[in-house]
Amino acid sequence: MDKKRAEGLSIGIIMDGNGRWAKKRGLPRTAGHKKGAEVFEDITRYANELGVAAITFYAFSTENWSRPKEELDVIMDLFGASLRRMYKFIKENNRVVFLGERAPLRAEHREMMADIEQKTARREGMILNVAVNYGGRQEIVRAARRLADEVKEGRLSADEIDEDTFEARLYTTGQPMPDFILRTSGEERVSNFLLWQGAYSELIFTDTYWPDFTRAHFDAVLEQFFGRDRRFGGL
Ligand code: IPE
Ligand code: IPE
Ligand code: MG
């Protein structure tokens, strides 16, 4: 990939297919999550090398709690391991932001998340967003509730509510909207990811299972994106 071309892009990734990748190999689903976590780290590094402005990984949805407890435990263990390794795979100028509702997460993870966010908050390089216990609907309801509270407390008037004030209450406040959203594994749906932010994102689907996803696949996805004609309602 010609590095200059990907510079400044904002990208969303729905990392899907971990379970099927494992099943195909006769392994437990959790083996797919483990390999998937490694790919997440490598694609983060690669996005940095390409000069991407912001990248958002969908790691765990508000709907994923319906999975068996054994799988949830392993997913959360792996999330903890990624948090502990985070300074090893991010760049020194990366800002890390976690999207999603934290209360149901482990206290130990919530502490690390707050610490990482706080320590990286002033950095000006690529923004790494990690969506954990994230749902687009939940995020929109949360923003609406925050606006309602501010109106109730007299800090905001209802007439001031517009797209900008709304957007400022989302987890991604101040960030560029995703240029494209990629979903791996052959499924072609959004599954509650970045519902507001993705209003004009190009959607790219690939059949590759996430644990098999490589830098070369990422290059191919970028090529697909550059071939799209974005019109934003114009001509
Ligand atoms: C994505 O892979 C990871 C999470 C949703 C946590 P899946 O676990 O959904 O894998 P498949 O879709 O069952 O293959
Ligand atoms: C979406 O994948 C959530 C994440 C990748 C974290 P799922 O596998 O949970 O989505 P569905 O159930 O196929 O829609
Ligand atoms: Mg899936």
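Below: a short report on this structure. (Residues numbered from 1 in each chain as written. Chains lettered and ligands numbered in written order. Predicted model: local features only at pLDDT ≥ 70, side-chain atom pairs only at ≥ 80, totals over all residues. Heavy atoms only, no water.)

The next point concerns the packing of aromatic side chains. Going through the model one piece at a time under the given rule, you end up with 16 aromatic pairs. Judged by centre distance (4.8 Å) and plane angle (75 degrees), the rings of Phe60 and Trp65 are edge-to-face. A residue is classified by how much of its surface remains accessible, and Phe60, at 2% relative accessible area, is buried. Residue classification places Trp65 among the partly exposed positions, given a relative accessible area of 33%. Every member of this aromatic cluster is reached through a ring pair, and the members are Phe40, Tyr46, Phe57, Phe89, Trp210, Phe213 and Phe218. (Phe/Tyr/Trp six-rings, centres within 6.5 Å; stacked < 30°, edge-to-face > 60°. Buried < 20%, exposed > 50% of the residue type's maximum accessible area, 1.4 Å probe, protein only.)

Here we come to the nonpolar core. Among the nonpolar cores identified, the biggest contains 42 residues, and Ile13, Ile55 and Phe218 are the most heavily contacted of them. Examining the composition of this core, we find that seven residues originate from one element, helix α4 (residues 69-89), more than from any other. Not counting chain neighbours up to four residues away, the residues in contact with Ile13 comprise Ile43, Ile55, Thr56, Phe57, Tyr58, Leu182, Phe193, Trp210 and Phe218. (Core = buried A, V, L, I, M, F, W, Y, C linked by side-chain atoms within 4.5 Å. Helix = DSSP H or I, 4+ residues; strand = E, 2+ residues; numbered from the N terminus. Contact = heavy atoms within 4.5 Å.)

Attention now goes to the side chain of Asn94. Looking at the element boundaries, Asn94 is found in the loop between α4 and β3 (95-99). A polar atom in the side chain of Asn94 sits 2.8 Å from the backbone nitrogen of Lys91. Of the polar contacts made by the side chain of Asn94, one reaches the backbone oxygen of Met126; its length is 3.4 Å. In this view, Asn94 contacts Asn48, Thr120, Arg123 and Met126; residues no more than four positions away in its chain are not counted. (Polar contact = N/O pair within 3.5 Å; in protein donor to acceptor, adjacent residues only side chain to side chain.)

Moving on, we get to the site of ligand 2. Every residue close to ligand 2 is listed here: Ile14, Met15, Asp16, Tyr58, Ala59, Phe60, Asn64, Arg67, Arg183, Arg189 and Ser191. Asp16 places a side-chain nitrogen or oxygen 3.2 Å from an oxygen atom of ligand 2. In this structure, Arg67 approaches ligand 2 through a side-chain N or O atom, which is 3.3 Å from an oxygen atom. Ranked by the residues each element gives to the shell around ligand 2, the list is headed by strand β2 (residues 54-61), at three residues. (Near = heavy atom within 4 Å.)

Turning next to the sheet that holds strand β4 (residues 127-134). A sheet is described by the order of its strands in space; here six strands give the open sequence β3-β4-β2-β1-β5-β6, paired in parallel fashion. Sheet topology places β3 and β6 (202-205) at the edges, where each strand pairs with a single neighbour. On average, each strand axis in the sheet is tilted by 20 degrees relative to the strand beside it, whichever way the strands run. When strand β5 (residues 180-183) meets β6, the two strands line up parallel, connected through four bridges. From the neighbouring strand, Leu182 faces β6, where its bridge partner is Ile204. (Pairing = 2+ DSSP bridges. Axes fitted to C-alpha atoms, helices over the stretch in contact; angles between N-to-C directions.)

It is worth spelling out the pattern of salt bridges at this point. For side chains bearing opposite charge, pairing can occur when the charged atoms are close. Under the defined criterion, the tally for this structure stands at 23 salt bridges. Between Lys24 and Asp212 there is a salt bridge; the shortest N-O distance is 3.8 Å. Here Lys24 is found in helix α2 (residues 18-24), whereas its partner Asp212 is found in the loop between β6 and α8 (215-226), with 188 residues between them in sequence. Relative accessible area serves as the criterion here: at 54%, Lys24 is assigned to the exposed category. What you see here is one network of salt bridges that share partners, running through Asp16, Arg20, Arg183, Glu187 and Arg189. (Salt bridge = Lys/Arg side-chain N within 4 Å of Asp/Glu carboxyl O.)

Next up on the list: the environment of Tyr87. Structurally, the position occupied by Tyr87 is in helix α4. Measuring from C-alpha to C-alpha, the distance between Tyr87 and Val132 comes to 18 Å, with 45 residues separating the pair along the chain. Excluding residues that lie within four positions of it along the chain, Tyr87 makes contacts with Asp115, Ile116, Lys119, Thr120 and Arg123.

What follows concerns the environment of Thr62. Structurally, the position occupied by Thr62 is in the loop between β2 and α4. Residues Thr62 and Gly135, spaced 73 residues apart in sequence, show a C-alpha to C-alpha distance of 5.4 Å. Among all residues touching Thr62, those that are not within four sequence positions of it are Asn133, Tyr134, Gly135, Gln138 and Asn192. Polar contacts involving the side chain of Thr62 include one to the side chain of Glu63, which spans 3.0 Å.

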